[in-house]
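Structural characterization, general
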Amino acid sequence: MSFKEYKTHVEMGDTVILYLNIKNIHAITVSEEVKNKKGNMVPNIFQTVYGALKVKDLVGMKYGSQVQMTRGWAFALHPTPELWTLTLPHRTQILYTPDISMVLTQLELRPGSVVCEAGTGSGSLSHAILRTIAPTGHLHTFDFHEQRSRLAAEEFSAHGVGDYVTARHRDVCGEGFDLDSVADAVFLDLPRPYDAVPFAKQALKKSGGRICSFSPCIEQVQKTCDSLRKHGFTELQTLECLQREFQVRKSVMSVFDLSQQPPTDGSADGDERPSKKAAMEERPREVLTGIPLTTMPGHTGFLTFATLPPVMTSAT
């Protein structure tokens, strides 16, 4: 399966990212047939703005190749967590790449890490974590919604990463993680993350670890910070990731040479006139400049990070 390892050619059963343009990106599963709305098996033909694509024709193609369709063409790309975030079926609100990259960095994840995630949702962050901790790490992910947990488990299996993850239906805030001293890091994406802090402390290893809580409201952050301090966490830090795009454009502007004074014509009234060279240097010139866009993605959520020191893990 293509999420587990990189490969050069498309095989039956792979997940392929079909890139038409920046606003049209789709994840499709390569198969000969697909079930329609009536429950019948029909040939797998994917419809796009550039025409139809017989999905089985992707088999044997090299990843990154152009795919010809009836009214245009697209690219067949190898799936990555970043592309999956842009194309996944939304069951909940999801984390996007700017927040995900900050979470992976601040939690200090690496191959072999064991992570507990409360709030599986649509699996956007889960796929990024799995790529980071593979092949020797493990992800324990929990969701209080049974159907979401089941669908996420099916996706992990279909993407070939089922061996690296355990997806469970469980209310972490009320029942805990059912894990003791196994995790290097804990991630909380819950309505009441402060209720899960004592269970997160229990799940972290005796040697200590890191925790992250994602909350859209500052009141949630305040209560979570109080709970973290109460249970011995240190180095509390709350961040917000805002992505601001700069566009490179050509601009026309005047450039003056201020290092030289313009010569005078020696007239009695002291009238100074610039020389021909100075006049040439004052002419408008075309330059490249970076201009920030006036619009940008707004607030998504606050990321609160903290550290549990080794001495606190054995405290009662």
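See above for the structure.
Residues numbered from 1 in each chain as written. Predicted model: local features only at pLDDT ≥ 70, side-chain atom pairs only at ≥ 80, totals over all residues. Heavy atoms only, no water.

This next bit is on the sheet that holds strand E17 (residues 302–308). On the basis of which strands lie adjacent, the open sheet formed by 7 strands has the order E11-E10-E9-E12-E13-E17-E14 and mixed pairing. Looking at the sheet topology across the chains shown, the edges are occupied by strand E11 (165–169) and strand E14 (234–239). Along the sheet, successive strands turn relative to each other by an average axial angle of 15°, direction set aside. As defined by bridge partners, strand E9 (residues 114–118) adjoins strand E12 (residues 185–188) across 4 bridges and the pair is classed as parallel. Bridging from a neighbouring strand, glutamate 117 pairs with phenylalanine 187 of E12. Most of the contacts of helix H3 (residues 124–133) go to strand E10 (residues 138–143), to which it runs at about 165°, and overall it touches E9, E10, E11 and E12. (Pairing = 2+ DSSP bridges. Helix = DSSP H or I, 4+ residues; strand = E, 2+ residues; numbered from the N terminus. Axes fitted to C-alpha atoms, helices over the stretch in contact; angles between N-to-C directions. Contact = heavy atoms within 4.5 Å.)

In this section: the nonpolar core. Grouped together as the largest cluster of nonpolar side chains are 31 residues, with contacts concentrated most on Val103, Ile129 and Leu130. Every element with two or more residues in this core is listed here: helix H2 (97–106), H3, helix H4 (146–158), E12, strand E13 (209–215) and E17. In terms of residues, this core owes the most to one element, H3, which gives 5 residues. If near-sequence neighbours (up to four positions away) are discounted, isoleucine 129 is found in contact with Leu104, Leu109, Val115 and Leu139. (Core = buried A, V, L, I, M, F, W, Y, C linked by side-chain atoms within 4.5 Å. Buried < 20%, exposed > 50% of the residue type's maximum accessible area, 1.4 Å probe, protein only.)

Turning next to the packing of H2 against H3. At a closest axis distance of 10 Å, the pairing of H2 and H3 adopts a crossing angle of 40°. As summarised for this structure, H2 and H3 are arranged oblique, according to the angle between their axes. Crossing handedness for the pair H2 and H3: right-handed. Here Ile100, Val103 and Leu104 of H2 come into contact with H3, specifically with Ser124, Leu125, Ala128, Ile129 and Thr132. (Parallel < 35°, antiparallel > 145°, perpendicular 65-115°, else oblique. Left-handed = near helix turned anticlockwise from the far one by under 90°.)

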